[in-house]
Amino acid sequence: MPDSIDIPPVVVTATVNGERVSRAVEPRMNLVDFLREELELTGSHIGCEHGVCGACTVRVDGTIVRGCLMLAVQADGAQVLTIEGLSESGEIADLQENFKTRNAAQCGFCTPGMLMTAAELLAENPGAGRTEIREHISGNFCRCTGYQAIVDAIEETGKNRGEK
Amino acid sequence: MADSPVVTVHDRPNSYIGRSVPRPNVQRLLHGRGTFTDDIKLPRMVHAAYLRSPFAHADIKSINADAAKAAPGVAGVFTGKEIAELCEPYVGVLTHLEGMRSPPQYPMAIDRARWQGEPVVAVVAETRAQAEDAVELVEVDWAELPAACDMSAALDADAPVIHEEYGNNLCWERIVDEGDVDAAFDQAAVVVEDEFTFGRHTGVTLEPRSIISSWDPSEEQLTVYMSTQGPHMLQAIFAKHFGLEEHRVRVICKDVGGAFGIKVHTYGDEIATAALTMLLKRPVKFIPDRMESFTADIHARHHTIKARMAVAGDGKILAIDFDDLTGIGPYSMYPRSSGIEINQVLNLTGGPYTIENYRARGRVVFQNKPLMCQYRAVGHPIATAMQEALVDHAAQALGMDVVEIRARNLIPDDAYPTKSVTGMLFDKLSHHAAKDKLLGMVDYAGLRADQETARESGIYRGIGFACMIEVTSPSPMFYGVGGAPISAQDGVTLRLDAKGNLIVASGVTEQGQGAEAVLSQVAATAVGVTPDKIKIITGDTEITPYGGGTWASRGTGIAGEAAAQAGHALRDQILEVAGIMLQSEPRKLDIRDNAVVDTDTGNERISLAEVGRVVYYRADTLPKDYQSELIATRHHVPKKFPFAFTNGIHCSHVEVDVDTGMVKLLNYWVVEDCGTVINPLLVEEQVRGGVIQGIGGALYEECLYSDEGQLLNGNLADYLVPMAAEMPDIEVGHVTSPNSDSELGAKGAGEGGTGGAPAAILNAVNDALLPLGARLTVNPMTPERVLRALGKTE
Ligand code: FES
Ligand code: FES
């Protein structure tokens, strides 16, 4: 019998989208399951559970991480930002608008992770060119769009931010 | 309203047809507020996990589930036999694919498992983690059997026979023989021959197949939340196999995270999940993990083909002759069958060209691997790559330019309506116009010059073309005629509410392709409202008109037309009641921008909100002998042609690193003709996404198996998919030949990209390697295979 079932729950306390939350969870629970199952923040998605697809990307203490590769207990005391919080903050309203205009989200399953990843690039280097953008999002799998529209939307957002 | 002028959607003022309107339903997806099936929680819901066969072929001697049943949180453990007691088995054959056979299939293996990944035991627990833990406690006593894994060997006399009653592993064979093929080959100036292999790959929808089943025994009502392309098809299937009336089954499909043909079949784990809620009387959720998806989702495309083409000295194609073999796993998939893929290859090969002599044999074999079935562009990538590689090969043999040989063979644009040598009826295609348009986008002479110069410095670039046809918007001749509960018609209901908004319900589903945007544009145009006044409802068998759903690029061509016709009907209803209110003849009125106006002056007479208010709240002010209606449903089914064929031409520009075998994608161009374009933005993104999916098959994706039938790369790290860094930008152009079978004139656009890309890439790679004497006839063209073709590795 796998040991983990017998291990008592551990209390995780974190600030998620600006709200302080506390839950007793199994130590083996990963961060994205914690967000989705415990906090019912279902905007972060699960595409592979082994760190390849990027659908689970969230921001922890200012840096993007794969929610399926981090345990919830590791986020104890951390600041966690999900797509829900990022949207409500208005930080990526321009990027979201460009995703919409450019049809850079089809099924939308990759989109929260893609936006999280793009937001990081735009914050660091809004002037990034197409090749850099492609490199930066190359850890986020999208089966629908073929990526070009996503690259366009990120590029356009960066340009507009640069002009401001 | 007989005397009102006939106004088609194309003549309407303020038309939204042909405009790049953003999708109305995309906002929630951009804000993380979509509702995918796994986002839903129902009261008392439990989670299923499946123990799957670790062997390709093995007898189940016994199952001991005692420890699993006692594990924390476990609500029940069920074997295939227990599930089968609730559910009628199913058979995946279509009667019009004559002679096809496949035995009854059960949701889970009963005494014998026939592929690695077949579900064997279902475990249900409070959490998914608990269910997965308990799966590990189930003990199965297996007796491994010799397996027939390799499809080419599956017909050998000494191959293990998967279904003993059949005597061998042949599922279906079809032969086509038109004209005089032997005579054509005798007359040919050149004959080219190739042996092609297309690797087995799979869909890898980012959202896995997902289902929540919920049985209410008090009302005998089964509700199924499901990520699917065909809610009504699944409703019919659940009802039939659980012995329920269809109205006792409700299928609800919320947001779908990609489908591409993966989510339009009957999967044992999904049928079993419906059985589990009946056994436990609690909602049951099942979400496979990625590793499971690799062996439990359908696979696609695996073909080996021996093909030859006879060509005259002037480049005219005289004949095609090929022999195609495909392995489909141990059963034909239900209800679409696993015969349609090869049937398409036999029907479509050579389709863009005038060819009179044609012979083909297709054989479909059983093997001990996951089931293979229809996936985006069904058969098209195979047919197109084979045909286009042979055309390039022939051009080479003749010393003719690859564009010139195509120009000499493409069906003339003024030849329509016409039919192909295999009997495919073409309404109106535009191969030459599309080719000319493409040559206006591609600097062909410049690319050839660059190719010459680059070669001098040891850089090998190639240019590959692919002409193609695509099956879209099928009539009942595709599935219905073969006995499958798959509707070729689709319906749309439009209702004006009391505030003048338009509620649109349709049987097609949204999976990101933009069906809801298209319906909204067509409905807005036909009625005369702005898109912000529209609410679209799809994905619920209880509230949408009956329809086939989303597959074979049918949403726009079929439901779009139904929306146009429903729009006309509702507009007539509105003008009739408005005419009474305004004491005006309805034919002198029109609806524009949410108001009834005078047709001549455009002056507003009454808003739709006011019409709604009077009709719903103050009907007492209308004549006593008059009853208004503000709801209309119309259906559409293609009648004139079995399929609304489209055409396209692709051009790929690549650079092959002859030291590493890596293929770099430099540029890509496509011109497609999908008839009336409702939303250019969406069509272009369908093409782009489709091309990239085709590139996956051409260069990266393959389910690699050991001789024993074990999947070797069943995870996203080892199974390569196209990622952003390696993909090219794609330029898309359009030619428009409207569909004459509908007022809207639209055809489908969802699959042409995927159908054409493997051919264009294959030809581009071979064009690059031409001076080195290397030629590839395999997909995917991995670096290792490129190096092998160059003689640089074993
Ligand atoms: S789900 Fe975390 S990377 Fe795929
Ligand atoms: S939009 Fe579907 S996976 Fe990216």
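Residues numbered from 1 in each chain as written. Chains lettered and ligands numbered in written order. Predicted model: local features only at pLDDT ≥ 70, side-chain atom pairs only at ≥ 80, totals over all residues. Heavy atoms only, no water.

Another point: the overall build of chain A. The number of helices and strands found in chain A is 6 helices and 5 strands. Going residue by residue from the N terminus, the α and β elements of chain A occur as β-β-α-β-β-β-α-α-α-α-α. For 164 residues, the compact-globule estimate of 2.2 N^0.38 gives 15 Å, and chain A sits close to it at 17 Å. Viewed in the frame of its principal axes, chain A has a C-alpha envelope of about 55 × 30 × 20 Å. Put simply, 56% of the contacts in chain A that link residues at least 6 apart link residues at least 24 apart. Roughly 6200 Å² of accessible area belongs to chain A as shown, and the carbon and sulfur atoms make up 48% of that amount. Taken together, the 14 basic and 24 acidic charged side chains of chain A have centroids lying 7 Å from each other. (Helix = DSSP H or I, 4+ residues; strand = E, 2+ residues; numbered from the N terminus. Rg over C-alpha atoms; globule rule 2.2 N^0.38 Å. Contact = heavy atoms within 4.5 Å. Areas by Shrake-Rupley, 256 points an atom, 1.4 Å probe, with all protein chains shown as cover. Lys, Arg positive; Asp, Glu negative; His and termini not counted. Charge placed at Lys NZ, Arg CZ, Asp CG, Glu CD.)

This part takes up the side chain of Glu470 of chain B. Residue and element names in this part refer to chain B. Here Glu470 lies in strand E20 (residues 460–470). Of the side chains with opposite charge, Arg376 lies nearest to the buried Glu470, which makes no salt bridge, at 7.7 Å. Within the local environment of Glu470, its side chain forms a polar contact with the backbone nitrogen of Glu751, the two atoms lying 3.2 Å apart. Within polar-contact distance, the side chain of Glu470 engages the backbone nitrogen of Gly752 at 3.1 Å. (Buried < 20%, exposed > 50% of the residue type's maximum accessible area, 1.4 Å probe, protein only. Salt bridge = Lys/Arg side-chain N within 4 Å of Asp/Glu carboxyl O. Polar contact = N/O pair within 3.5 Å; in protein donor to acceptor, adjacent residues only side chain to side chain.)

Between Tyr334 of chain B and the following residue, Pro335 of chain B, the backbone shows a cis peptide bond with an omega angle of -5 degrees. Residue position: Pro335 of chain B is located in the loop between strand E16 (317–327) and helix H9 (340–348). One non-glycine residue, Glu40 of chain A, lies in the positive phi region at around 60 degrees. The topology assignment puts Glu40 of chain A in the loop between helix H1 (31–38) and strand E3 (57–60). Backbone geometry places Gln583 of chain B, a non-glycine residue, at a positive phi of 50 degrees. With respect to the helices and strands, the residue Gln583 of chain B is situated in the loop between helix H15 (555–582) and strand E24 (589–592). For Gln583 of chain B, a relative accessible area of 75% gives the class exposed.

Bringing the sheet that holds strand E1 (residues 46–52) of chain B into the picture now. Strand-to-strand pairing in sheets goes through backbone hydrogen bonds, with the strands running parallel or antiparallel. All names here are of chain B. Spatially, 7 strands are ordered E3-E5-E1-E13-E10-E11-E12 in an open sheet, and the strand pairing comes out mixed. The sheet terminates laterally at strand E3 (74–79) and strand E12 (249–252), the two strands that pair on one side only. Here the average twist between neighbouring strands, direction ignored, is 20 degrees. With 2 bridges joining them, E1 and strand E13 (residues 284–286) adopt parallel strand pairing. Looking at the pairing, His47 lines up with Lys285 of E13. Contacts between helix H6 (residues 231–242) and the sheet are confined to strand E10 (211–216), strand E11 (221–226) and E12, with E12 contributing the most and set at about 145 degrees to the helix. Against the sheet, helix H7 (residues 268–280) contacts E1, E3, strand E5 (119–125), E10, E11 and E13, and its axis sits at roughly 30 degrees relative to E10. (Pairing = 2+ DSSP bridges. Axes fitted to C-alpha atoms, helices over the stretch in contact; angles between N-to-C directions.)

Here the focus is the domain arrangement of chain B. How big an interface is tends to be reported as the loss of accessible area on association of its parts. Residues and elements named next belong to chain B. Its domain assignment divides chain B into domain 1 (9–34 + 489–636), domain 2 (38–145 + 208–256 + 263–296) and domain 3 (379–476 + 640–785). Domain 2 puts 8 residues into the contact, and the matching count from domain 3 is 9 residues. Of the roughly 700 Å² buried where domain 2 meets domain 3, counting both sides, 59% is carbon and sulfur surface. At the boundary of domain 2 and domain 3, one finds 0 salt bridges. Our enumeration of links across domain 2 and domain 3 arrives at 2 residue pairs in polar contact (both at pLDDT 80 or more). Per-class residue counts for the side of domain 2 that touches domain 3 are 5 nonpolar, 2 polar and 1 charged. (Domains from an automatic or database assignment. Buried area = accessible area lost by both parts, 1.4 Å probe. Nonpolar A, V, L, I, M, F, W, Y, C, P; charged D, E, K, R; others polar.)

Turning our eyes to something else, we now look at the sheet that holds strand E30 (residues 730–734) of chain B. All names here are of chain B. Taken in spatial order, the 4 strands line up as E20-E28-E29-E30 in an open sheet, and their pairing is mixed. Only two strands of the sheet have a single neighbouring strand rather than two, namely E20 and E30. Across the sheet, the mean angle separating the axes of adjacent strands is 15 degrees when strand polarity is ignored. One ladder, built from 11 bridges, connects E20 with strand E28 (residues 646–656); its direction is antiparallel. Following the sheet pairing, Gly464 is matched in E28 by Ser652.

Moving on, we come to the pairing of E3 of chain B. Residue and element names in this part refer to chain B. Counting buried positions along E3 gives 5 out of 6 residues, so the element sits mostly inside the fold. Note: E3 against E5, 5 bridges, orientation antiparallel. Considered in E5, the bridge of Thr79 is made with Val121.

Here we take up the interface of chain A and chain B. Contacts between the two partners involve 52 residues from chain A, matched on the other side by 57 residues from chain B. Across the interface of chain A and chain B, roughly 4600 Å² is buried in total on both sides, 56% from carbon and sulfur atoms. Together, Lys100, Phe141 and Arg143 of chain A form the three largest contributors to the area buried by chain A at its contact with chain B, with a combined 17%. Among the ionic pairs, Arg143 of chain A bridges to Glu701 of chain B, the shortest N-O distance being 2.8 Å. At the junction of chain A and chain B, the tally comes to 26 residue pairs in polar contact (both at pLDDT 80 or more). Of all elements in the fold, only H1, helix H2 (83–89), helix H3 (93–101), helix H4 (111–124), helix H5 (130–136) and helix H6 (148–163) of chain A reach the threshold of two or more residues within the side of chain A that touches chain B. Residue classes in the side of chain A that touches chain B are distributed as 21 nonpolar, 18 polar and 13 charged.

What follows concerns the confidence of the model for chain B. Per-residue pLDDT for chain B has a mean of 96; in total, 99% of the residues score no lower than 70. Interface scoring of the predicted complex returns ipTM 0.97; its pTM is 0.97. (pLDDT = per-residue confidence, 0-100.)

Residue and element names in this part refer to chain A. The domain architecture assigned to chain A consists of domain 1 (3–86) and domain 2 (90–163). Across the boundary between the two partners, domain 1 contributes 18 residues, which contact 15 residues of domain 2. Taking both partners together, domain 1 and domain 2 bury about 1300 Å²; carbon and sulfur atoms supply 60% of that area. Where domain 1 touches domain 2, the interface holds 1 salt bridge. Linking Arg59 and Glu91 is a salt bridge whose minimum nitrogen-to-oxygen distance equals 2.9 Å. At the junction of domain 1 and domain 2, the tally comes to 5 residue pairs in polar contact (both at pLDDT 80 or more). Only E3, strand E4 (63–66) and H2 provide two or more residues apiece to the side of domain 1 that touches domain 2. A per-class count over the side of domain 1 that touches domain 2 returns 9 nonpolar, 7 polar and 2 charged.

Glancing now at the packing of aromatic side chains. Residues and elements named next belong to chain B. Per the stated rule, a full pass over the model turns up 16 aromatic pairs over all chains. With a centroid separation of 6.2 Å and an interplanar angle of 20 degrees, the aromatic rings of Phe196 and Phe198 are classed as stacked. Residue Phe198 is classed as buried on the basis of its relative accessible area of 4%. For the pair Phe478 and Tyr479, a centre-to-centre distance of 4.6 Å together with 45 degrees between the ring planes defines the contact as tilted. Using a relative accessible area of 7% as the deciding quantity, one classes Phe478 as buried. According to the relative accessible area criterion, Tyr479 is buried, its value standing at 3%. The ring of Tyr267 has Arg209 sitting right over it, with the charged end atom 3.8 Å from the ring centre. The cationic tip of Arg336 hangs over the ring face of Tyr479; the distance from NZ or CZ to the ring centre is 4.6 Å. (Phe/Tyr/Trp six-rings, centres within 6.5 Å; stacked < 30°, edge-to-face > 60°. Lys NZ or Arg CZ within 6 Å of the ring centre and 35° of its normal.)

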